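The primary structure of each chain is shown beneath.
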Amino acid sequence: MIELRGVTVKSGSFVLPSISLQIQSGEYAVLMGTTGRGKTTLLESICGLRRVAEGQVLIHGRDVTRWSPADREIGYVPQDFALFPTHTVLEHLEFALRLRKLPRGVVKERTHELSEVLGIGHLLSRSIVGLSGGEAQRVALGRALSFRPSVLLLDEPLSALDESTRHEMHDLLRRVKQTTGVTTLHVTHSVSEAESLADRCFWLAADGIQERPVSQTY
Amino acid sequence: MAASNPWRSRRTSDTLFFLVMGGISASFILLIVLLLVADVMFTSPSEFYRALAKPEIRAALQLTLFSCTVAAILSVWVGTPLGYLLSRYSFRGRWVIDTLVDIPIVLPPLVLGLSLLILFHQPIAGWQLESALRDGLGFPVTYRWPAVVLAQFSVACAFSVRTMRVTFDQMNPRAEEVARTLGCTRGQAFWQIALPQASRGLVTAFTIAWARALGEFGPIMVFAGTTRMRTEVLSTSVFLELSIGNLDAAVAVSLLMVMLAVVVLVVLRVLGTGLAS
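Quick look at the structure, then. No experiment lies behind these values; they were computed from the predicted model shown.

The next point concerns the overall build of chain B. For chain B, the helix and strand inventory stands at 13 helices and zero strands. Element order for chain B, N to C, with α for helix and β for strand: α-α-α-α-α-α-α-α-α-α-α-α-α. Against the compact-globule benchmark of 19 Å for 277 residues, chain B has a radius of gyration of 24 Å, which places it well outside the compact range. Dimensions along the principal axes, computed over C-alpha positions, put chain B at roughly 90 × 65 × 40 Å. Taking all 277 residues of chain B together, the buried fraction comes to 39%. A separation threshold of at least 6 residues defines the contact pool for chain B, and within that pool the share at least 24 residues apart is 74%. Here chain B carries 21 positive and 15 negative side-chain charges, and the mean point of each set is 9 Å from the other.

Take a look at the structure:
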């Protein structure tokens, strides 16, 4: 479960006003709003990359507001994917597992499982240079899911993809949701994406955040 | 009236552009080439080999290779964390550190040497850095080879910091941030994500530091002296040979330095750009 209680973030002159929301375990929530409202800032605050000035961030009831990103166990896919330029695709999937010092067999089994689900088995030995947008997206998603996080944050992950790849990714994200039951907060501008994936939809405006039916987002 | 041909006009403009830009650029390249040609014409192969055969020059060559390499390694060792901190973090007083780093670059070389000499010999409440190192650790610095390395390091490190900072500035910090969400500490994100990406910057920083150390003269003369067979490096050899009126040997050593610099720059550039593979 993701819970925000009066979360306020300040960055220079930009202020993200007091935000409160609750996303239940296993729910797929979509966050929408016009550009520059602070959607990315909010995701970064949840995963610990941005300091929260006021309020609390709770993950499964535990206050993680002052925890380091490493301790929050949240999978995060940023808008630009931020893949590691010196790592192969396989090394991306192994990265979080190796940090947790899991046995070699477990790492191998998990990376095999992920590559099957994401359809990137044929890419494992490749460098990330030259991957298509869809392939890079799958690698970033696999990296974020590798350590079986209970919360997944996606920041406009499909915005750079073409129409057919986007539909493939909708199917993939639905499959991930069904198989892992991960609680997801997905930032997007696309109504079709929200309609296709969301259990709930939030709208971030200048005066705060509101929950709206998906059809009334724009 | 017939309209002027825009295609021809643009082509003339482009030609003029390349002539002006190329002409200005060529003047500098020509100057360097002429300097080297003049040196080569001034000396002869026999004079060059005779200079190289002198034990003083051989000792200076060995000390130069050793001190430049140590100074460059130290410069990269210090420049990498400092460049990373300056690039990635905003903190109170960052501009002060930024300015301090540049001081060895803008300071007149003799002043830097003099400052090092004063630092090591200034008594502070009955304590002196040089005495403490010499008597406490058995490691005297002034007028010995460590002074050569320290003098070279003081300037080379400033260039190394600048290079590493630009390297990290050009790298997207997002990958390190994502690594932290995956379970990395800041240190692990630095070692496993940032540093491997900065490999070319490291090679460049090493190259620049090495080349800068090779050309260092003023601070070495003041802080390490120019004692033959002890603190003499190639840059001071040129000065010593000139001071005793041996212009042929001075030019021969100069050419040796040019060759050394070219070899190191080419080898490291090939390594840095991956052309070797």
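Picking up where we left off.
The next point concerns the interface of chain B and chain A. Between chain B and chain A, the contact holds 16 residues from the first and 23 residues from the second. Considering only the surface of chain B that becomes buried against chain A, Arg 174, Thr 181 and Leu 182 of chain B emerge as the three largest contributors, covering 42% of it. Counting across the chain B and chain A interface gives one salt bridge. The salt bridge involving Glu 44 of chain A is made with Arg 174 of chain B; its shortest N-O contact spans 2.8 Å. Linking chain B to chain A there are five residue pairs in polar contact (both at pLDDT 80 or more). Counting residues per element, the ones that place at least two in the side of chain B that touches chain A are α8 (174-181) and α9 (186-197) of chain B. Here the element with the most residues in the side of chain B that touches chain A is α8 of chain B; it accounts for seven residues.

Below, the discussion takes up the pairing of strand β1 (residues 2-11) of chain A. All names here are of chain A. Buried residues dominate β1, accounting for seven of its ten residues. By the bridge criterion, seven bridges tie β1 to strand β2 (residues 14-23) in an arrangement that is antiparallel. Residue pairing for β2: Val 7 is matched across the bridge by Ile 19. The turn linking β1 back onto β2 is made up of two residues, and Gly 12 within it adopts a positive phi angle of 65 degrees. Note: β1 against strand β4 (residues 54-59), five bridges, orientation antiparallel. For Arg 5, the partnering residue across the bridge sits in β4 and is Gln 56.

A word on the pattern of salt bridges. All names here are of chain B. Taken as a whole, this structure holds 25 salt bridges over all chains when the rule is applied. Taking the shortest distance from any N to any O, the salt bridge between Glu 232 and Arg 228 comes out at 2.7 Å. Residues joined by salt bridges that share partners form a network here, namely Asp 98, Asp 102, Arg 162, Arg 165 and Asp 169.

Turning our attention to the sheet that holds β4 of chain A. Note on sheets: strands pair through backbone hydrogen bonds, and any given pair is parallel or antiparallel. Residue and element names in this part refer to chain A. Sheet architecture is open: four strands sit in the order β2-β1-β4-β5, paired in antiparallel fashion. A strand with exactly one partner marks an edge of an open sheet, and here the two such strands are β2 and β5 (62-63). Its contacts with the sheet place helix α1 (residues 39-47) against β1, β2 and β4, and it is angled at close to 115 degrees to β1.

Time to look at the packing of aromatic side chains. For the structure on display, the rule yields twelve aromatic pairs over all chains. Where Phe 48 of chain B meets Tyr 49 of chain B, the ring centres are 5.8 Å apart and the plane angle is 70 degrees; that geometry is what we call edge-to-face. Look at Phe 48 of chain B and you get buried, because its relative accessible area is 12%. By relative accessible area, which is 56% here, Tyr 49 of chain B ends up exposed. Each ring, one from Phe 139 of chain B and one from Trp 145 of chain B, has its centre 6.1 Å from the other, and the planes form 85 degrees; the classification is edge-to-face. A connected cluster of aromatic rings, assembled from ring pairs, spans Tyr 84, Tyr 89, Phe 168, Phe 190 and Trp 191 of chain B. The ring of Phe 84 of chain A has Arg 143 of chain A sitting right over it, with the charged end atom 4.6 Å from the ring centre.

Calculation criteria
- Residues numbered from 1 in each chain as written.
- Chains lettered and ligands numbered in written order.
- Predicted model: local features only at pLDDT ≥ 70, side-chain atom pairs only at ≥ 80, totals over all residues.
- Heavy atoms only, no water.
- Helix = DSSP H or I, 4+ residues; strand = E, 2+ residues; numbered from the N terminus.
- Rg over C-alpha atoms; globule rule 2.2 N^0.38 Å.
- Buried < 20%, exposed > 50% of the residue type's maximum accessible area, 1.4 Å probe, protein only.
- Contact = heavy atoms within 4.5 Å.
- Lys, Arg positive; Asp, Glu negative; His and termini not counted.
- Charge placed at Lys NZ, Arg CZ, Asp CG, Glu CD.
- Buried area = accessible area lost by both parts, 1.4 Å probe.
- Salt bridge = Lys/Arg side-chain N within 4 Å of Asp/Glu carboxyl O.
- Polar contact = N/O pair within 3.5 Å; in protein donor to acceptor, adjacent residues only side chain to side chain.
- Pairing = 2+ DSSP bridges.
- Axes fitted to C-alpha atoms, helices over the stretch in contact; angles between N-to-C directions.
- Phe/Tyr/Trp six-rings, centres within 6.5 Å; stacked < 30°, edge-to-face > 60°.
- Lys NZ or Arg CZ within 6 Å of the ring centre and 35° of its normal.

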